[in-house]
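Coordinates in review
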Amino acid sequence: MSTPIVLIGPMASGKSAVGALLGRMLDAEFIDTDALVIAGHGPIPSIFEAHGEEGFRRFESQALARAMGGQTPAVVATGGGAVLAPANRELLGGGYCVYLLTDARTVAPRIGADRSRPLLDGDPLESWSRIFARRRGLYEACAHLTIDTRGLNATQVASLIATAYRDAGH
């Protein structure tokens, strides 16, 4: 494995689950940038409360730079907003960037009553849809590969990515 695989997409699209499986399939390190942020700064809701979204995005950018700067190629799962910063998009271009395409119907069971995501205030599904609409073009622009995850489980998605990665000569 010569180039890191970076998973992007909206929150609850399965980046962490797929990334963990893909890392095992490819015998590669799995890095979850949200987990790095939490390990360094505490729970995400607390970060938003203490530092606001701007502070969280700063920590997210630091985590992405750390994940992409490793000596060993890895599978990196990003937070849904990692594509927002131009510097992050540049970092993403250094990996094999895979967009996990999904829709509100697919993520609804995953985010229904989840109160751990600060950006999903009010009606979580409505908030998710609004955020996704604003970010979708960025996901598409950053992706080397798009996988439509609707109707697939994490193992199927990871297998499709592994095959495409190998077919691309990585």
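Structural data are supplied above this passage.
Read on for an overview of the structure. (Residues numbered from 1 in each chain as written. Predicted model: local features only at pLDDT ≥ 70, side-chain atom pairs only at ≥ 80, totals over all residues. Heavy atoms only, no water.)

**Some words on the overall build of the protein chain**
When you go through the protein chain residue by residue, the secondary structure sums to seven helices and five strands. Ordering the α and β elements of the protein chain from the N terminus gives β-α-β-α-α-β-α-β-α-α-β-α. The C-alpha atoms of the protein chain give 15 Å as radius of gyration, which agrees with the globular expectation for 170 residues (15 Å, within 12%). By principal-axis analysis of the C-alpha atoms, the protein chain measures approximately 45 × 35 × 25 Å. By the burial criterion, 45% of the 170 residues in the protein chain qualify as buried. Partitioning the contacts of the protein chain with sequence separation of at least 6, the portion at a separation of at least 24 is 76%. Element-wise, carbon and sulfur atoms account for 51% of the exposed surface of the protein chain, whose accessible area totals about 8,100 Å². (Helix = DSSP H or I, 4+ residues; strand = E, 2+ residues; numbered from the N terminus. Rg over C-alpha atoms; globule rule 2.2 N^0.38 Å. Buried < 20%, exposed > 50% of the residue type's maximum accessible area, 1.4 Å probe, protein only. Contact = heavy atoms within 4.5 Å. Areas by Shrake-Rupley, 256 points an atom, 1.4 Å probe, with all protein chains shown as cover.)

**Some remarks on the sheet that holds strand β5 (residues 145–148)**
The strand order across the open sheet built from five strands is β2-β3-β1-β4-β5, with neighbouring strands paired in parallel fashion. Edge strands, defined here as strands with exactly one partner in the open sheet, are β2 (29–32) and β5. Here the strands of the sheet are splayed against their neighbours by 20° on average, with no regard to which way each runs. Sheet analysis places strand β1 (residues 5–8) next to strand β3 (residues 74–77), joined by three bridges and oriented parallel. By the bridge assignment for β3, Leu 7 is matched with Ala 77. Against the sheet, helix α2 (residues 33–41) contacts β2 and β3, and its axis sits at roughly 65° relative to β2. (Pairing = 2+ DSSP bridges. Axes fitted to C-alpha atoms, helices over the stretch in contact; angles between N-to-C directions.)

**Points about the nonpolar core**
In terms of nonpolar packing, the biggest core is built from 22 residues, with Ile 8, Val 76 and Leu 92 touching the most fellow members. Here this core takes five residues from helix α6 (residues 124–142), the largest share from any one element. If we skip the residues at most four places from it in the chain, Ile 8 touches Lys 15, Thr 78, Val 83, Leu 92, Cys 97, Val 98, Tyr 99, Leu 100, Tyr 139, Cys 142 and Ala 143. Judged by nonpolar contacts, the second largest core, of 18 residues, contains Leu 22, Val 75, Val 98 and Val 157. (Core = buried A, V, L, I, M, F, W, Y, C linked by side-chain atoms within 4.5 Å.)

**Points about the side chain of Glu 60**
With respect to the helices and strands, Glu 60 occurs in helix α3 (residues 44–68). The buried category is assigned to Glu 60, whose relative accessible area is 2%. Dropping the residues within four chain positions of it, Glu 60 is found in contact with Asp 34, Val 37, Gly 79, Gly 81 and Ala 82.

No statement about biological role is implied by the geometric values presented.
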